[in-house]
Amino acid sequence: MERRAIGATALTVGAVGLGCMPMSWAYSASEQRGDRSSRTVHAALDAGTTLLDTADMYGPFTNELLLGRVLGQRRDDAFVSTKCGLLVGDQHIVANGRPGYVRRACDASLRRLRTDVIDLYQLHRADPEVPVEETWGAMAELVAAGKVRALGMCAVDARASRRDGTDRFGATIRLLERMQQVFPVSAVEAELSVWSARATERLLPWCAARGVGFLAAMPLGSGYLTGTLTPGQGFEPDDVRARHPRFTAEMMASNQPVVAGLRRVAERHGATPAQVALAWVLGRGPQVVPVPGAKRERWAVENARAADLELSAADLAEIAALPAAWESWN
């Protein structure tokens, strides 16, 4: 698989990563099985994927423990990205950016992951009660201590409502610029897909201009762009899609033309809609690494093979002409 650089460092990863969150958190608990998830991680590594994206809050903690079992056997094959800064309680999630907590969280993640060093350590969310310079400074100390190789910022939740027209990533960019004054930002993780391309307007250009890697979260639209979901099928109560404005039965039906367009392109290449969606993300720039989530071996291997798919100018024009995705508040 093609390799791509993470920031201006000498660190490189396979062009398509593996999002591990669905294995332990937020998506259909009945589908979360540790043995199957471990096989999925192994299959991804075998297919050339190296970047494994997790966080201490996924589970919480169980996702890192799951990866630790795999890393105990295959640490040299993997590039480990985990996150700190969010605490999960009963029915609530709060940010914690206190330096002491960051240091303890890193040590705990190292133990769960069964590794001596984390390749990319990301700040999951900035704590509004703690100056980001203090949090980022503590994370930089972890690099100096040899516990972490590079630092990143997760901006997946940096969303502004479409209803008020506010700048979705303006505040994130201002935060990143403050962080850059303390220690280099090697990567930013944010949503980017065919049906959610707002990061291309400001955030992705900001990263490209500074040599910052971009990890594209939810590149398959939380599964919708795979073409395997049926409008009105329903989701388990613990599944985040049960409350997402794009996954009501009405909106899933309204957005079928997006999937149909990806399927037309896929048929010309003997590919799947998911592979076309990932190839489109890969084409946003050489510093972009899509990180699709997967719970099954089949999907992890299929996603990895998207790195071999080259879309033509005609393909890209057809995708660009697809209607914008609708949400329940549109």
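Quick notes on the rules
- Residues numbered from 1 in each chain as written.
- Predicted model: local features only at pLDDT ≥ 70, side-chain atom pairs only at ≥ 80, totals over all residues.
- Heavy atoms only, no water.
- Salt bridge = Lys/Arg side-chain N within 4 Å of Asp/Glu carboxyl O.
- Helix = DSSP H or I, 4+ residues; strand = E, 2+ residues; numbered from the N terminus.
- Buried < 20%, exposed > 50% of the residue type's maximum accessible area, 1.4 Å probe, protein only.
- 1 Å grid on protein atoms, 1.4 Å probe; cavity = no way out; pocket = protein on both sides within 12 Å on 5 of 7 lines; lining within 4 Å.
- Points joined across faces, edges and corners; volume = space filled by probe spheres on them.
- Nonpolar A, V, L, I, M, F, W, Y, C, P; charged D, E, K, R; others polar.

Q: Can you explain the pattern of salt bridges? Please cite residues and give values.
A: Evaluated as defined, the whole model comprises 17 salt bridges. Arg74 is paired through a salt bridge with Asp46; the nearest N and O atoms lie 2.8 Å apart. Here the residue Arg74 occupies a position in helix 2 (residues 62-74), and Asp46 occupies one in helix 1 (residues 34-46), the gap between them amounting to 28 residues. For Asp46, a relative accessible area of 57% translates into the label exposed. Note that Glu318 and Arg264 form a salt bridge whose closest N and O atoms lie 3.1 Å from each other. Placement of the pair is Glu318 in helix 11 (residues 313-320) and Arg264 in helix 8 (residues 256-269), with a sequence separation of 54 residues. A relative accessible area of 41% means that Arg264 is categorised as partly exposed. In the salt-bridge network here, residues are joined through shared partners; they are Arg264, Arg268, Asp315 and Glu318.

Q: Explain empty space enclosed by the protein residue by residue, including any values.
A: For the coordinates displayed, the defined rule picks out two cavities of 30 Å³ or more. Its volume calculated, the largest cavity comes out at about 40 Å³. Every residue along the wall of the largest cavity is listed here: Glu191, Trp195, Met218, Gly221, Ser222, His244 and Arg246. Of the residues assigned to the lining of the largest cavity, the class counts are two nonpolar, three polar and two charged. Roughly 30 Å³ of volume is contained in the second largest cavity. Contributing to the lining of the second largest cavity are Val16, Gly17, Leu18, Ala44, Thr49, Pro292, Ala300, Asn303 and Ala304. Residue contributions to the lining of the second largest cavity peak at three residues, all from helix 10 (residues 297-304).

Spatial relationships are all this shows, so hold off on functional conclusions.
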